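# Results of the structural survey
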Amino acid sequence: MRSRIAGTGSYLPAQVLTNDDLARRGVDTSDEWVRSRTGILQRHIAAEGELSSDLAYHASRRALEAAGMAAGEIDTIIVATTTPDFVFPSTACILQDRLGLRGGPAFDVQAVCSGFVYALSIADAMIRAGTARNALVVGAETYSHILDWSDRRTCVLFGDGAGAAVLVPSAEPGIVATRLHADGSQRGILSVPGQVRDGKVAGRPFLQMDGQAVFKFAVRALTDVADEALADAGLPRTAIDWLIPHQANLRIMDATAKRLGVPHERVVVTVDRHANTSAASVPLALDEAVRDGRIRPGQHVMLLGVGGGFTWGSALLRWS
Ligand code: ACO
């Protein structure tokens with residue numbers, strides 16, 4: 001038994017902030033700087049009180065609708081998030097309750113921007129092992145909650161959003177190959193070094209990053225892990241019909257596509273409108289390209305994630 005994606009959905013909060021909006025709100029930046037360094041033009045920001053589980057819920061409803069399935073048909077829920085509603089319960093358990101479900105496993109995956117690829121790989125393995133039947137896999141983030149809005153080096157790069165996929169059993173492999181990696185020795189180049197302890201937050205609960213180190217690491221890791229999935233599937237690089245890399249930065253995406261020999265027009269880009277939505281970025285881009293008809297049955301789609309930890313991974317799909 002293999003698995004395939006039966007439907008995708010996504011959700012973006014209503015509020016949009018352009019680069020100029022950030023400058024007007026006091027961030028010492030300019031549209032020219034952000035646009036030329038990152039390709040980002042704007043980002044969506046959650047409303048006051050809007051949490052990752054809220055975004056996940058809307059994206060999940062849309063994915064279920066696209067799959068033509070009722071929530072009651074889902075037995076397993078995996079939410080990839082670095083910005084959970086609470087320390088616990090997990091965002092997946094909150095989502096399960098909001099969908100009116102009970103009893104099946106529900107858990108969060110914490111692999112930062114690789115989270116959705118990690119979660120998809122786990123769900124695929126569970127379906128193949130027969131321990132899950134229909135799985136809801138979600139990437140949902142509210143990075144606006146962990147940004148220091150006075151730090152122009154980081155706050156301009158991120159946004160909020162969620163994307164979801166319904167994974168079902170299939171005789172034909174929809175998920176053709178997945179590969180996951182981590183290197184904890186690189187954890188210092190991208191982190192939120194805060195802890196909840198003794199009723200207080202200890203450390204610094206804001207995202208910090210060595211941008212140039214991340215850039216170098218990401219391009220090499222994404223290229224290598226794409227090649228690994230292709231090798232597992234016995235396919236050449238030219239078999240990639242659509243490349244959906246983590247949407248951190250247009251320059252990282254362009255450099256990765258160039259190294260893989262994938263033409264620019266075959267790369268799905270949402271970073272310009274969404275900024276970096278971490279674990280939500282890959283399913284948001286996937287949903288956009290499915291809904292606008294770019295991704296068609298029989299095509300190969302390469303999903304790539306890379307993020308804090310450091311973590312990275314790939315999922316090669318054959319769309320059906
Ligand atoms: N607006 C205006 N000026 C800025 C801004 C900003 N938003 N941010 C930084 N600068 C300034 C800096 O203060 C610095 O000025 P100085 O020389 O006077 O001190 C100058 O620009 C250069 O700063 P750098 O940090 O060296 O800028 P760099 O050219 O490296 O670009 C960037 C920064 C865009 C983040 C780049 O390193 C990059 O693309 N890194 C990839 C990392 C990334 O995209 N991370 C996203 C999250 S990671 C992930 O999702 C896996």
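In the block above lies the structure referred to throughout.
Residues numbered from 1 in each chain as written. Predicted model: local features only at pLDDT ≥ 70, side-chain atom pairs only at ≥ 80, totals over all residues. Heavy atoms only, no water.

## Topic: the overall build of the protein
Across its full length, the protein holds 10 helices and 15 strands. Against the 2.2 N^0.38 benchmark of 20 Å for 320 residues, the protein shows a C-alpha radius of gyration of 18 Å, consistent with a compact globule. In terms of its C-alpha atoms, the protein occupies a principal-axis envelope of roughly 55 × 45 × 40 Å. Each of the 320 residues in the protein was classed as buried or not, and the buried ones make up 56%. Just so you have it, the protein exposes about 13100 Å², and 51% of that area is on carbon and sulfur atoms. Looking at the protein, you have 32 positive and 34 negative side-chain charges, and the mean spots of the two groups are 3 Å apart. (Helix = DSSP H or I, 4+ residues; strand = E, 2+ residues; numbered from the N terminus. Rg over C-alpha atoms; globule rule 2.2 N^0.38 Å. Buried < 20%, exposed > 50% of the residue type's maximum accessible area, 1.4 Å probe, protein only. Areas by Shrake-Rupley, 256 points an atom, 1.4 Å probe, with all protein chains shown as cover. Lys, Arg positive; Asp, Glu negative; His and termini not counted. Charge placed at Lys NZ, Arg CZ, Asp CG, Glu CD.)

## Observations regarding empty space enclosed by the protein
In this approach a probe as big as a water molecule rolls over the atoms, and the regions it shows empty are the leftover space. Counting across every chain of the model gives one cavity of 30 Å³ or more. Taken as a whole, the largest cavity holds about 40 Å³ of empty space. Lining the largest cavity are Ile5, Gly174, Ile175, Leu317, Arg318, Trp319 and Ser320. (1 Å grid on protein atoms, 1.4 Å probe; cavity = no way out; pocket = protein on both sides within 12 Å on 5 of 7 lines; lining within 4 Å. Points joined across faces, edges and corners; volume = space filled by probe spheres on them.)

## Regarding the site of the ligand
Every one of the 24 residues lining the ligand counts as a neighbour, but Thr29, Arg152, His246, Asn249 and Asn276 are closest to it. One nitrogen or oxygen atom from the side chain of Arg152 is found 2.8 Å from an oxygen atom belonging to the ligand. One of the side-chain N or O atoms of Gln212 is found 3.0 Å from an oxygen atom in the ligand. Here the ligand loses 74% of its free accessible area of 1000 Å² to cover by the protein chains. Judged by its atoms lying within 2 Å of the grid points, the ligand is housed in the second largest pocket. Those elements giving two or more residues to the shell around the ligand turn out to be helix H2 (31–38), helix H6 (152–155), helix H7 (211–233), helix H8 (250–260) and strand E14 (300–307). For the shell around the ligand, the leading source of residues is H7, giving four residues. Residue composition of the shell around the ligand, grouped by class: 11 nonpolar, eight polar and five charged. Viewed by domain, the shell around the ligand spans two of them, domain 1 (2–171) and domain 2 (176–318), each represented by three or more residues. (Near = heavy atom within 4 Å. Polar contact = N/O pair within 3.5 Å; in protein donor to acceptor, adjacent residues only side chain to side chain. Sits in = over half its atoms within 2 Å of the grid points. Nonpolar A, V, L, I, M, F, W, Y, C, P; charged D, E, K, R; others polar. Domains from an automatic or database assignment.)

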